[in-house]
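Summary of the model geometry
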Amino acid sequence: MPEPDAIILVVDDDISVREALEGLIRSAGWRVETFPSAQEFLARPPADAPGCLVLDVRLPGLSGLDLQKRLAEMNLELPIIFITGHGDVPTSVQAMKAGALEFLTKPFADQDLLNAIQQAVKHDRAERRSQAKIRELHGRYQSLTPREREIMERVVAGLLNKQIAAELGISEITVKAHRGQVMRKMRADSLADLVTMSEALGIRRAIKL
Amino acid sequence: MKRNQTYRSWRPAAQCLIGSLGVALVTFASFRLDNRLTLALPLELLIVALLSFANSPFPSVFVSIVAALSLDYFLMPPIFSLALDKVTDAVALLVFLTSAAVIILLMSQRKRAKESAQQNEAELQQLIDAIPQQVFVFDADWSPLYANQRELEYTGLTPQEAQSKDAVARIFHPDDFKRLVVLRERMRSEGAPFEMEARIRGKDGQYRWFLIRDNPLLDEQGRVLRWYGTRTDIEEGKQAEEALRKAQTLFENFFELSPNAIIVTEGNGRIIRVNAEVEKAFGYARTELEGLPVETLMPERFRAIHPNHRGRYSARPSVRPMGTGLQLYGRRKDGAEFPVDIMLSPVGTADRPIFMSVVRDVSDKKRADEALRLSQQQLRDQEEQTSRDLQQLIDAIPQQVFVFDADWSPLYANQRELEYTGLTPQEAQSKDAVARIFHPDDFKRLVVLRERMRSEGAPFEMEARIRGKDGQYRWFLIRDNPLLDEQGRVLRWYGTRTDIEEGKQAEEALRKAQAELARAVRIMTIGELTASIAHEVNQPISGIVINANTCLRWLKEESPDLEEAREAARRIARDGKRAGDVIARIRALAKKTPPAKERLDMNEAIREIVAVAGDEMRRNSVALRMELAEDLSPVLGDSVQLQQVVLNLVMNGVEAERTVAERPRELIIRTQNDDAGQVRVAVQDTGIGLEPQSLERIFDAFYTTKHDGMGMGLSISRSIVQSHGGRLWWMPNDGPGTTFYFTIPKFQ
């Protein structure tokens, strides 16, 4: 079902196709924005809303594949549904490898497009949620002191308090106190919870024994 | 000098004083020692002898007298008187004086001899320096031991330089130096005197000729101890010699190579000398003639009288021809006679008269006069022949040739006109002949042109169709040149008509072939664009399908949104029309219409072709921008051909941008009215650009910078544009890429 906060972005230089797509997508209840070229799309400020990009492969100036590459470079990982008049295999393979969600060849069944959009928005929403969560975790991690970060790295690597104390040249009591602080600041219920968080944050042990 | 004089005047006085003191001292000592004469005499004689070594004899004589007096006065009794008691004393005194005199005499003689030797040497030195030759002494190895002043003066060498062994190498002419070295080497072993001539460089840098003479001084074994050498300047002699030699050669050449026979005789008529021409003309060798009387060379009938004539001439010699008014004859050794002219001149001196006779064989001249008379006759014959030849030539040349008067009435026409047109000579002579045989259109042009040229009096050319006797027109090139009088008025027109029908046909065939080729290339290009065309149609059809579905979706709802459905249906209609337009344009492009120039909207033609090439651009991610002037004038052109030109340029632009990644790929098509009354189309790309050196070559057929190009596109494009009276060129952009331009004249 269409989600009211989602925005579907359409980039196609051909007016017939562009307006037809706009009409179709709107008829399914989505909000739509259209652009006649990749450049004009890039000129628009990125929306903080879930959605997806319906993109023509062949565009004047910057091509669809170029735009896909550009968005990846900019860390704007919007799900992309490619549409093309010519179903050439190498282009579709290239697009899918670069992370495209769907590759539709004109003329396509309207329901295929709408399904793909539904799929993409769902994917985007999940992606955005996990991104938000990671941002939250990152915020918590940022609140740790350097010493607490050292302790956390070692805790999630499975070191005992005694080992940590020896390694850092501090008393075991101090380690315990710092460890309590880490659990509290990271809002971790358990050691397993903290390990999961550190994996999500991509924290690796920097010091080898 | 002054000091020397002073020295000379006081020295004898001092010598007298010192001598006298010496004598006084000895006399006093002897007196005191009571030793009397035995000690004093020899000592005082010694003083005199010592003094006599000095340069002048006067002090010795003076001291001798003082000594004699003092001996007598102090030592000979009676003492303190000049009188003498004893004979022995007188004798001793006499011996003393005599000895002193002898000593003084000997010493002064010796000294004089020495002085005179010194003087001689100085004089010799002066002499050597004064002689106008360079004088040298070398040791056996040719190291200079001595050289006089002359060498330094002439060569400008410093004494140090002149002393060095390589001085000769520096001043001799290189060629002569080599010869000198060889000669010296030989002479060192032979020990013989030698001479050579050599050029020596003076201080002014000029070489002059010198005679080098070296004489050896040998020891008893015949080995060389010294070389005494001189160098004498012989430059002037050399020059004079050279001038004389030249003058002699000149004279010899003049004498020997003279085209006339020259005989030199003495006063008595004996031949002294003859030149080569005499040998040739008279058949004698010169050795045979020398010493013979000059009458030998005359026919016998003149021989007796000639010495009289000769005598008269000797009495009053002058430069004059011999036997004025008479025909003179020479006689060859074989007895044959030949006519001659003879010029006489006296060349000797008063005491030795010598005469020169210059003899010219005039038999050739006589023959030449005859030949001239004959050749004039031949020339007249030839002129007649030439005239006949010319007529035949004119009739034979494959052109029609005419002479007209100033009013274009035919005065002459060659056979060709009659043959081609089938006119009778009478018809051809009439003024309206041209009207009958020229194509009516061309005749009108001819009349206009003739009218203008009559006043201008300038040559002109035109192409015109002329009807042959078979009734067919053929193209001819008409060329007329005027003959003008001094006022610039036309007297005659000389005209030719050359059949250029075949050339015209070839031209036409070429034009057709070119058009055919252009079409072939266009069809190929369109073939390449099939995918693009399919896409061009596919786009609106995709739109139609989606819009139809959308429309149904809006209608399917429980409460159908009719407004949205109507909007979708409106888009269907629009896209349907668009698909139709695309197809119509493509059909127009592919249709084989015959080439025809008509009034044409260049903007519309461009839009049509872009409809075909649009997807090709999109496929290569090339953004197309069209800046078409709204007030663009219509042109006169063939839309199919001009669209082909635009298509070629667009495809080239896309091709040039294919590998461009670092900047937007953009293609701009621009149209505008230019200042020269033409419509200008520009196709600007942002591609890889062209090398400036390929400026013109890219328009050559089969020249291509593409991997899979045929090299025909620009060649055909240029010929299409030129056949429209326009121009196609290109320029590099300020930024990346290239812009191609072409112009087409406005429709009028």
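Residues numbered from 1 in each chain as written. Chains lettered and ligands numbered in written order. Predicted model: local features only at pLDDT ≥ 70, side-chain atom pairs only at ≥ 80, totals over all residues.

Things to note about the overall build of chain B
For chain B, the helix and strand inventory stands at 24 helices and 23 strands. Sorting the 748 residues of chain B into buried and exposed places 25% on the buried side. Put simply, of all contacts in chain B between residues at least 6 apart along the chain, 52% involve residues at least 24 apart. (Helix = DSSP H or I, 4+ residues; strand = E, 2+ residues; numbered from the N terminus. Buried ≥ 20, exposed ≤ 12 C-beta atoms within 10 Å, placed from the backbone. Contact = placed C-beta atoms within 7 Å.)

Examining the overall build of chain A
Check the secondary structure of chain A and you find 9 helices and 5 strands. Taken from the N to the C terminus, the helices and strands of chain A come in the order β-α-β-α-β-α-β-α-β-α-α-α-α-α. Each of the 209 residues in chain A was classed as buried or not, and the buried ones make up 35%. Sequence separation of 24 or more characterises 62% of the internal contacts of chain A that already satisfy a separation of 6 or more.

Quick look at the packing of helix H3 (residues 58-75) of chain B against helix H4 (residues 87-130) of chain B
All names here are of chain B. The interhelical angle for the contact between H3 and H4, taken along N-to-C directions, is 170 degrees, at an axis separation of 10 Å. By the criterion of interaxial angle, the relationship of H3 to H4 is roughly antiparallel. Contacts from Ser 60, Val 61, Ser 64, Ala 68, Leu 71 and Asp 72 of H3 reach H4 at Leu 93, Phe 96, Leu 97, Ala 100 and Ile 104. When grouped by side-chain class, the residues that make up the contact of H3 with H4 number 8 nonpolar, 2 polar and 1 charged. (Axes fitted to C-alpha atoms, helices over the stretch in contact; angles between N-to-C directions. Parallel < 35°, antiparallel > 145°, perpendicular 65-115°, else oblique. Nonpolar A, V, L, I, M, F, W, Y, C, P; charged D, E, K, R; others polar.)

Notes on the interface of chain A and chain B
On the side of chain B, 29 residues touch chain A, which itself brings 22 residues to the contact. Per-element accounting of the side of chain A that touches chain B gives the leading share, 8 residues, to helix H1 (residues 15-27) of chain A. Of the residues in the side of chain A that touches chain B, the class split is 8 nonpolar, 7 polar and 7 charged.

As for the pairing of strand E10 (residues 337-346) of chain B
All names here are of chain B. One ladder, built from 2 bridges, connects strand E8 (residues 320-321) with E10; its direction is antiparallel. Following the sheet pairing, Pro 321 is matched in E10 by Met 343. Across 4 bridges, strand E9 (residues 328-331) lies against E10 in antiparallel orientation. If you follow Leu 328 over to E10, its bridge partner there is Val 340. What sits between E9 and E10 in their antiparallel hairpin is a turn of 5 residues, with Gly 335 showing a positive phi close to 95 degrees. In this structure, E10 lies alongside strand E11 (residues 354-361), joined through 7 bridges in antiparallel fashion. (Pairing = 2+ DSSP bridges.)

Overview of the sheet that holds strand E20 (residues 666-673) of chain B
Residue and element names in this part refer to chain B. The strand order across the open sheet formed by 5 strands is E18-E20-E21-E23-E22, and the pairing between neighbours is mixed. The open sheet has two edge strands, strand E18 (623-628) and strand E22 (727-732), and neither has a second partner. Across this sheet, the average inter-strand angle for adjacent strands is 15 degrees, counted without regard to direction. Alignment of E18 against E20, held across 6 bridges, turns out to be parallel. Among the inter-strand pairings, Met 626 is bridged to a residue of E20, identified as Ile 669. Sheet strands touched by helix H23 (residues 639-657): E20, strand E21 (678-685) and strand E23 (738-745). Its angle to E21, the strand with the most contacts, is close to 20 degrees.

As for the packing of helix H22 (residues 602-619) of chain B against H23(B)
All names here are of chain B. Viewed as axis vectors pointing N to C, H22 and H23 meet at an angle of 30 degrees, and their least axial separation amounts to 9 Å. The pairing of H22 with H23 is recorded here as roughly parallel in orientation. Once H22 is placed against H23, the crossing between them reads as right-handed. Note on element contacts: H23 touches H22 through Ser 639, Leu 642, Gln 643, Val 646, Leu 647, Val 650, Met 651 and Val 654, opposite Ala 605, Ile 606, Glu 608, Ile 609, Ala 613, Glu 616 and Met 617. Class assignment of the residues belonging to the contact of H22 with H23 gives a composition of 11 nonpolar, 2 polar and 2 charged. (Left-handed = near helix turned anticlockwise from the far one by under 90°.)

Observations regarding the environment of B:Gln429
Looking at the secondary structure, you find B:Gln429 in helix H16 (residues 425-429). Sequence-wise, B:Gln429 and B:Leu411 are 18 residues apart; in three dimensions their C-alpha atoms are separated by 7.2 Å.

Focus: the pairing of E23(B)
Residues and elements named next belong to chain B. Bridge count between E21 and E23: 7 bridges; the pairing is antiparallel. Residue pairing in the sheet places Val 681 in a bridge with Phe 742 of E23. Two strands pair when backbone bridges link them, and E22 and E23 are joined in this way by 6 bridges, in the antiparallel orientation. Pairing of Trp 730 across the sheet is with Phe 740, part of E23.

Let's talk about the sheet that holds strand E16 (residues 490-499) of chain B
All names here are of chain B. In space, the 5 strands of this open sheet follow the order E13-E12-E16-E15-E14, with antiparallel pairing throughout. Of all the strands in the sheet, just strand E13 (410-413) and strand E14 (460-467) have a single pairing partner and so form its edges. Ignoring strand direction, the axes of neighbouring strands in this sheet form an average angle of 25 degrees. Where E14 meets strand E15 (residues 473-484), 8 bridges bridge the pair, whose relative direction is antiparallel. From the neighbouring strand, Ala 464 faces E15, where its bridge partner is Phe 476.

Quick word on the nonpolar core
One finds A:Ile8, A:Val11, A:Val54, A:Ile81, A:Phe82 and A:Ile117 to be the most contacted residues of the largest nonpolar core, which totals 38 residues. Among the secondary structure elements, those contributing two or more residues to this core are strand E1 (7-11), H1, helix H2 (38-43), strand E3 (51-56), helix H3 (64-73), strand E4 (80-84) and helix H5 (110-142) of chain A. If one sorts the elements of this core by residue count, H5(A) sits on top with 6 residues. When neighbours within four sequence positions are excluded, A:Ile8 is seen to be in contact with A:Ile25, A:Trp30, A:Arg31, A:Val32, A:Gly51, A:Cys52, A:Val54 and A:Ile117. Listed in part, the 35 residues of the second largest apolar core include B:Met602, B:Ile609, B:Met617 and B:Phe742. (Core = buried A, V, L, I, M, F, W, Y, C linked by C-beta atoms within 7 Å.)

Looking at the confidence of the model for chain B
Across chain B, the average pLDDT comes to 81, with 91% of residues at or above 70. Note on the complex model: pTM 0.39, ipTM 0.73. (pLDDT = per-residue confidence, 0-100.)

Some points on unusual backbone geometry
Phi is positive for A:Arg187, close to 55 degrees, though the residue is something other than glycine. Checked against the element boundaries, A:Arg187 lands in the loop between helix H8 (172-185) and helix H9 (191-201). On the basis of neighbour counts, which here come to 12 C-beta atoms within 10 Å, the residue A:Arg187 falls in the exposed class. A positive phi angle, close to 55 degrees, is found at B:Ser621, a residue other than glycine. Taking the number of C-beta atoms within 10 Å as the measure of exposure, B:Ser621 has 24 and is therefore buried.

Quick notes on the environment of B:Val264
Residues and elements named next belong to chain B. Locating Val 264 in the fold gives a position in strand E6 (residues 261-266). When the C-alpha positions of Val 264 and Phe 355 are compared, they lie 5.7 Å apart, and in sequence the two are 91 residues distant. Sequence-distant contacts of Val 264, defined by excluding residues within four places in its chain, comprise Ile 272, Arg 273, Ile 354 and Met 356.

Focus: the environment of B:Ala83
Residues and elements named next belong to chain B. Residue placement: Ala 83 occurs in the loop between H3 and H4. According to the C-beta neighbour criterion, Ala 83 is exposed, with 9 such atoms within 10 Å. With 10 residues separating them in the primary sequence, Ala 83 and Tyr 73 have C-alpha atoms 7.8 Å apart.

What to know about H3(A)
Residue and element names in this part refer to chain A. Within H3 the residues assigned to the buried category are Gly 64, Leu 65, Leu 67, Gln 68 and Leu 71. Projection of H3 onto a plane perpendicular to its axis shows the buried side chains occupying an angular sector of 160 degrees, all on one side. Buried positions along H3 lie against H2, E3, E4 and helix H4 (89-97). Residue Asn 75 follows H3 closely and has a positive phi angle near 65 degrees. (Arc of directions from axis to C-beta.)

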